[in-house]
Amino acid sequence: MTAIPLEAYMLLSIVIFGLGLFGIVVRRNLVTVLMSTELALNAVNIAFVGIDAHLSLANGQIFALFIIALAAAEAAVGLGIIISIFRLRRVESTDEITDMRG
Amino acid sequence: MDYMGLLAFFGVMLALALILISLNALLGPKTPESMEDYPYECGVPLYDQSAQSTFHQGYYLLGLLLLLFDIEAAFLFPWTVVYKYLGVFGFIEMFLFILILTYGLLYAWRKGALDWQFEEEVLER
Amino acid sequence: MERLEATFPLLPLSMMVPVFGSLLILLLPERFSKGISLFSAGISFLIALSSLLFFDFSKAQAVQFYQYYPLIPELKVGLALGLDGLSMLMYLLTTLVSFVAILWSVRDRQINHRLREYYLWFLLSEAFLIGVFSSWDLMVFYVFYELTLVPMLFVIGIWGYKLRLYSAYKFFIYIFVSSLFLLLGIVSLAVEHYKLFGKFSFSYFDLLNNHYSLEYGLFLFLLFFIAFAVKTPIVPFHTWLPDAHGEAPTAGSVVLAAILLKMGTYALLRFNIGLFPEVAVFLMPVLVLWGIFSIAVASWYTISQSNVKRFVAYSSVSHMGFVVTGMFLLNMEGLRASIMEMFAHGLTSASLFMIAGFIYNRLHSFNMDSLKGSAKYMPLFAIITVLTAFSSMGLPGGSSFWGKFLTILSAREYTTLLAFLVLVGAFFSAVYILYLMKVLFLDSKEESKLVHFTDVRGFKLSAFLLLVFPMFMVGLAPYLFFNIFDKSAKELLLLVMRKLVGG
Amino acid sequence: MENIVASLIIVGIKILVLLAIVLGLGAYLTLVERKVAAHIQRRPGPMVVGWHGLLQPLADGLKLLTKEDLFPRYGNKFLYNLAIVMALVPASLVFAVIPFGPEFEVFGIRVKPILTDVNVGLLLFFALGSLAVYAIALAGWASNSKYALIGSMRKAGIVISYEVVITFAAMGPIILAQSLSTYSIVQNQIDQKLWYIWLQPVAFVVYMFAMLAETGRVPFDVQEAEAELVTGFTVEYGGMKFGLFPLVEWYVETLSLSAIGVILFLGGWSSINIPFVGFFDPLFFLGPLSPFVWFLLKVGLVFLFVLWLHWTLPRYRIDQITSTAWKVMLPLTFVNLVFTALIAPLVWK
Amino acid sequence: MELRDLVGVIEFPHLQLLMPEIIVLLTGFILFSLDLLYKKAHHRLFTVVSAVGYTLALLYITLNPFLSGSTFYHLYVRDTFSSFLQFFMILITLFVLAFAYRYYQQKLSLYREFYYILSFSLVSAMFLASSYHLITLYVALEGVSISFYILTALLRGDFNSKEGAFKYLILGGISIALASYGAAFMYLYAGSLDLKEILTHVGENRYFLVLGLVFFLIGFAIKIGAVPFHFWLPDAYQGAPTPVTAYMASVGKLAFFAPVVRIMPLIEEHFAYAWVITVSIISAMTMLYGNLVALVQKDVKRLLAYSSIAHSGYILAGISVAKVIGLKAVLYFLVAYALMGAGAFLVLALLERHPEWQNRMEEFSGLRFSMPWVATSFMIFMFSLLGVPPTVGFVSKALIFTTLSFDRLWWLAFIMILATGISTGYYVRLVVLTFMKENSKPFQVKSSLAERIVLIVLTLSVVFLGAVPIIIWSFVSPSAEMLFKR
């Protein structure tokens, strides 16, 4: 049985990472932006796991595990902040939170 | 190879699901009526078109809690499998981990995240 | 260079006296401020005078009262304090002028609020200035050099005249930014020393051993020169000066003109010539012509002023032109002229600013016209004014005479044309003084406003006398002063020759 | 080459069996439920179609297939259909990691009666279980109807609460078995001569609670709450699309969760256990078929237990359900985990 | 089974190495428990408990300054460098703590979470300063960042606070994603997660390493606020509660720069060229941009935020010279900025307690009359940020100049002079306003004893450590030499 080549993993992860960054830049909805950052982090996970399979090591998977955990924490905090933004002012778009300028 | 079986099964189930979804469109009668595709409102005329408004923030909190605890579970799974080889050290590590988790749960508890108070100031306290 | 270690911490002490005084001012009630500052400035002046007794004139080229306190041994940064002939002169000037400035302030009506801060800043500035003139470590020199900015910023900004905030701001930015180049130059020297000898050093004596290619030397020279040219100032860089001097309170202008400008010329002499003799020689024609240009342009500006303070300020610029010209002529007479002019200008400009301040105290105006008729109603004041003015103009017997005369002499050593150019410069500077004289004594057809005011007396008179007396000492017995700095100048010249011949 | 062909055939057969279980058994369980419910309420239940209503599921299926295909006017069509896929596929995929019996030999080929004995079988189970939330949330959201949305939020809230609980509850058996593979968990129970329920009674109870909640069975069926929300998040679905949701939720999921419960706590296909001594098999006469029968028997018993509860208990409020999960069940599982970690060395060989 | 081999070599961790971290962490947990179990606990109790904990950790570091070694399979490294940075992190956290209670009381935002999130972020920051291992770095980085997001958002009813936090969160998320993606590439190159091993590894496909390093450093550049990755910083700093801003500006800077500084010695010769070029260009942009934009600010907090960006630029200038002298300069600058940045923001924190204080520039006019001592210390911080001797700001700038001259990066030195020249504009304007303008509206705030002590200590240390630079230098120099020793 042939293993999936590293290039495939890397390509996938790069594509997803790019999508994440693209989403952060282009999307306007607060939650979508947050999700895009999480997407980018998950792309890193794919890369790590793929590299691990390629090198037959385990360190990358541990890294991926930590990324999962901390990304979750970040998402939790992010959602909290978004909710409190929403409670203060009914905004949904990043265009609307530009009180501070200069 | 194990996963190939899984993949095949997944394909079969996906196909099945798609078939079952589309069967009604093929087999069912088509009798268009003006009101038939209105959302169900107990017969009362529709108040507003979108129901996708806000819901109780308790659900958000549940979501956040799930996020955190499920992830911590992901840390515990590897530990459960190799616990045999870790000995006392593994036990202490796990104990600390669980302790911290319990603290997190306690925190959510004390801060009222688990009580569905139907008032505004849950997050703020 | 030879260093004579001090057995007695003279320089630290004379720096600590004002600092200690300022601490006392902070701690004691405001009504003691005047007395304390007067007392500590006087003490440090006395210390400076008495240090002349211990100064070994036979070894005036050596650094005497030398002491070293390491700050960062690894980089060889340390508090290296000492006086050679040149710094000795500047040290004397500093303590004298500081004392005079404080003496003047005691009766200055402009200084009527926040007295405690005022005297605090003056004492601190005296301490920093002593530090500037006695440091032999470039980094420490830079620290003191920068530190002198802070007191002056506050003095101009708080007790100055109408445009004080703008002037203080401008003054600080000009000097601070230009001196950043100096900082870069200083650290580059140390790094160069590291690359040559494998260890850092900021000590002047070590850095004398550095040698550079001409291009690199030129680059470093310019880094130093920018800072000092702004400080001195030389003409295109002078625009901060009229504002700062014009808006500062009298005592502030006195210290600014008499000492702070000397920092620039002193440093040019010490560092630009001392550390980069080849470059100095290379650039000599440019710099000399630049100096003469500076004299001429500044004189032109001076004549067109109607504000006395700005008048004096511009005249300072032109005097500084003499100093720079003399210095970069790079012969014995030139250096003598330059140093003498530095000292002389310290005295005369201080006195001129005090004259302006005196008039302002009486009439609340800096207009030239206010001086009209002073010869009639305030004879003592008029006499002092005349003495100062002639001294500044360079009449024989006046203090500036030697500076101008020797500059011409030294220029004569190169070509007569150059001497002629310097002479033209001297002529210009005579013109504006004569213009001042005209206003003072000849334009008295109209009724003077000075009728109802008393003449100069008391504290202010003694302040004037403290300046006028040395002016004539310089004019009449220049050898007293040549004794102090001649050997240092010769040493500097030797340095230049040695580098040129040996290198 | 032959091996590959053989294994392909075996995989094919296994998939067919699983399909039969998911669709056939799933469908027939509706009949079982209706009969059980009817008998609990002292009535006969469906009696018309076929003998004692045996053909009723078929008739129901046919009826559902010939309904008109409706779609709520303001909904999102893609998500609306995706919800069904997301409900059916993961729920049925769980069966891939359920071992129905011990390894046996047919025509010289050793066959494990499990589709894929992966070494992270339980992890796969939890992962697929988590996906169920998406189906629910999507269904409610895509319908764009208030009743559907409220129902789906309630259900999702419950499912995510109990997802955590069920995960932690399952950790006890995993520690004891030192494996995440479902097959070896059962094998370990047999080797250690111990059903894990004897050491994990608390975890088992918690697991059962969580199972009821996850499948939306009474007493945790607030997502439907007939009197309030009609049929909850499925209110806007019609025809076969409507039919699939209860099929998945009430039968396929219940069945798979029962099976996993049996595997984790009741020794899978092993016969009756006397702790640390051995197994007692009253069905020995069935020979090699006995493990399979035992497994089905246990699953069936657990399933019937669920049905029994469903038709006897009242319903709780949503906040009561979730706070029970977090305040009672989760701490219990924590304690159980530490306890298990302490006693685990006694069990290991 | 290889599993047995894998876990068979369990070493017992040398816990004394991470005693300071453990103490701070325990403090955090004690605070946490206090909050959970004792609902009526007064904030003073929280403050005292945290202060005691931090002081203990500080004492431990002070008493064992040369403790070094690594534990947890090289996941954690303690050396003089980390002890040195940690010392200042804890110290400044203590300072910030003194200002917290009254500030939050004034802003009606007395969340007890502040105390323990503060200590958790401190622990993460301490870990960030003491590891070569990418996993530890990642976890610590996330720890610091997440705590910062929360701390930024903890101001009741203040939209700016939430807005700043959200922007910080998103950019922080990108930065972490980039950094970890870089880590993935480096891992692919060397098959190891230890930065030391990665950067000394010789293997094929060197471009993976370069790519990884670039991503990794861009991640940190975002955290540091280097232009063009700075967008979040002014908003986050302005939105955050001011004590938190002080904390983020000082401890955050120490923490986020630490890994970058650790990489410096490992930049090999053939990397050095690219390193110098990229870092120096970023540095030039950062200092110019920060100062230019700060010049036109009307809000002092935002102005200081931009000045913080500019200071990142100065520090980056030192980093661009990956030599031992550069490292020393950077270390000195980091500590210097931590002290003076914290000081400047803490003065603001004190002033913001006045209910009508809006952080406008004009409000500073005549501050000298209403609060002479606060004005004086503010002046000293401004002068230090500007780089007037004999403050720490001056010494650090001089050291950066030395560094640049060492590599003959004249253009960067001139840009730095230009940037400093621009910065003169606003720093001196603030001083001029404070001391030389008349009072338009007297603001008076009563400060507590602790606040007074902290401000005095900070002011004096800014002056004294600058006048006698040998004190910090004697720690900076050996740490830098140690890092460069292979």
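Calculation criteria
Residues numbered from 1 in each chain as written. Chains lettered and ligands numbered in written order. Predicted model: local features only at pLDDT ≥ 70, side-chain atom pairs only at ≥ 80, totals over all residues. Heavy atoms only, no water. Phe/Tyr/Trp six-rings, centres within 6.5 Å; stacked < 30°, edge-to-face > 60°. Helix = DSSP H or I, 4+ residues; strand = E, 2+ residues; numbered from the N terminus. Buried < 20%, exposed > 50% of the residue type's maximum accessible area, 1.4 Å probe, protein only. Lys NZ or Arg CZ within 6 Å of the ring centre and 35° of its normal. UniProt positions renumbered as here; feature names shortened; annotations may be inferred. Pairing = 2+ DSSP bridges. Axes fitted to C-alpha atoms, helices over the stretch in contact; angles between N-to-C directions. 1 Å grid on protein atoms, 1.4 Å probe; cavity = no way out; pocket = protein on both sides within 12 Å on 5 of 7 lines; lining within 4 Å. Points joined across faces, edges and corners; volume = space filled by probe spheres on them. Nonpolar A, V, L, I, M, F, W, Y, C, P; charged D, E, K, R; others polar. Contact = heavy atoms within 4.5 Å. Buried area = accessible area lost by both parts, 1.4 Å probe. Salt bridge = Lys/Arg side-chain N within 4 Å of Asp/Glu carboxyl O. Polar contact = N/O pair within 3.5 Å; in protein donor to acceptor, adjacent residues only side chain to side chain. Parallel < 35°, antiparallel > 145°, perpendicular 65-115°, else oblique. Left-handed = near helix turned anticlockwise from the far one by under 90°.

1. Overview of the packing of aromatic side chains
Consideration 1: Tallied over the full model, the rule gives 112 aromatic pairs over all chains.
Consideration 2: The interplanar angle of 90° and the centroid separation of 5.0 Å between the aromatic rings of Y161 of chain C and F366 of chain C together place this pair among those described as edge-to-face. Residue Y161 of chain C is found in the loop between α6 (149-159) and α7 (164-197), and its partner F366 of chain C is found in the loop between α14 (332-363) and α15 (374-377); the two are separated by 205 residues along the sequence.
Consideration 3: The class for Y161 of chain C is buried, based on a relative accessible area of 8%.
Consideration 4: When the ring of F284 of chain D is compared with that of F285 of chain D, the centres are 6.0 Å apart and the planes differ by 70°; the resulting orientation is edge-to-face. You'll find F284 of chain D and F285 of chain D in the same group, each marked exposed.
Consideration 5: Its guanidinium or amino end placed over the ring of Y145 of chain C, K231 of chain C lies 5.1 Å from that ring's centre, counting from NZ or CZ.
Consideration 6: The cationic tip of K112 of chain D hangs over the ring face of Y183 of chain D; the distance from NZ or CZ to the ring centre is 4.5 Å.

2. Points about the UniProt feature "transmembrane region" (unreviewed entry) in chain B
Residue and element names in this part refer to chain B.
Consideration 1: UniProt annotation of "transmembrane region" (unreviewed entry) refers to residues 6-27, 59-79 and 85-109 when read in the numbering used here.
Consideration 2: As annotated, residues 59-79 comprises 100% helix and 0% strand, and the C-alpha atoms at either end are separated by 30 Å.
Consideration 3: Split by type, residues 85-109 is 100% helix and 0% strand. Its first and last C-alpha atoms lie 35 Å apart.

3. So, the sheet that holds strand β1 (residues 3-5) of chain C
Residues and elements named next belong to chain C.
Consideration 1: Pairing is mixed across the open sheet formed by three strands, whose spatial order is β1-β2-β3. Of all the strands in the sheet, just β1 and β3 (77-83) have a single pairing partner and so form its edges. Neighbour to neighbour, the strand axes of the sheet diverge by 45° on average, direction disregarded.
Consideration 2: Summarising the sheet, β1 and strand β2 (residues 63-72) pair through two bridges and their orientation is parallel. Its bridge partner being in β2, R3 is matched across the sheet by V63.

4. As for empty space enclosed by the protein
Residue and element names in this part refer to chain D.
Consideration 1: Counting across every chain of the model gives six cavities of 30 Å³ or more.
Consideration 2: Reported here for the largest cavity is a volume of approximately 140 Å³.
Consideration 3: As for the largest cavity, its lining consists of 16 residues, of which V94, L128, G129, E214 and E253 are closest to the centre.
Consideration 4: At the level of elements, α3 (77-93), α4 (121-143), α5 (146-177) and α9 (239-265) are the ones that each hand at least two residues to the lining of the largest cavity.
Consideration 5: By residue number, the principal contributor to the lining of the largest cavity is α4, which donates five residues.
Consideration 6: Its residues placed into classes, the lining of the largest cavity shows eleven nonpolar, two polar and three charged.

5. Looking at the interface of chain B and chain D
Consideration 1: Contacts between chain B and chain D engage 68 residues on the former and 80 residues on the latter.
Consideration 2: Note on chain B versus chain D: buried area summed over both sides is about 6700 Å², and carbon and sulfur give 74% of it.
Consideration 3: If you look at where chain B meets chain D, you find zero salt bridges.
Consideration 4: Along the contact surface separating chain B from chain D lie three residue pairs in polar contact (both at pLDDT 80 or more).
Consideration 5: Partitioning the side of chain B that touches chain D into residue classes produces 47 nonpolar, twelve polar and nine charged.

6. Some thoughts on the packing of helix α4 (residues 80-106) of chain E against helix α5 (residues 113-128) of chain E
Residue and element names in this part refer to chain E.
Consideration 1: Between α4 and α5, the shortest axis-to-axis distance is 11 Å and the interhelical angle comes to 165°. Accordingly, the angle class assigned to the pair α4 and α5 is roughly antiparallel. The interaxial crossing formed by α4 with α5 has right-handed handedness. When α4 is examined against α5, the residues Q86, M89, I90, T93, L97, A100, Y101 and Y104 are found in contact with a partner set consisting of F114, Y115, L118, L122, A125 and M126.
Consideration 2: Per-class residue counts for the contact of α4 with α5 are twelve nonpolar, two polar and no charged.

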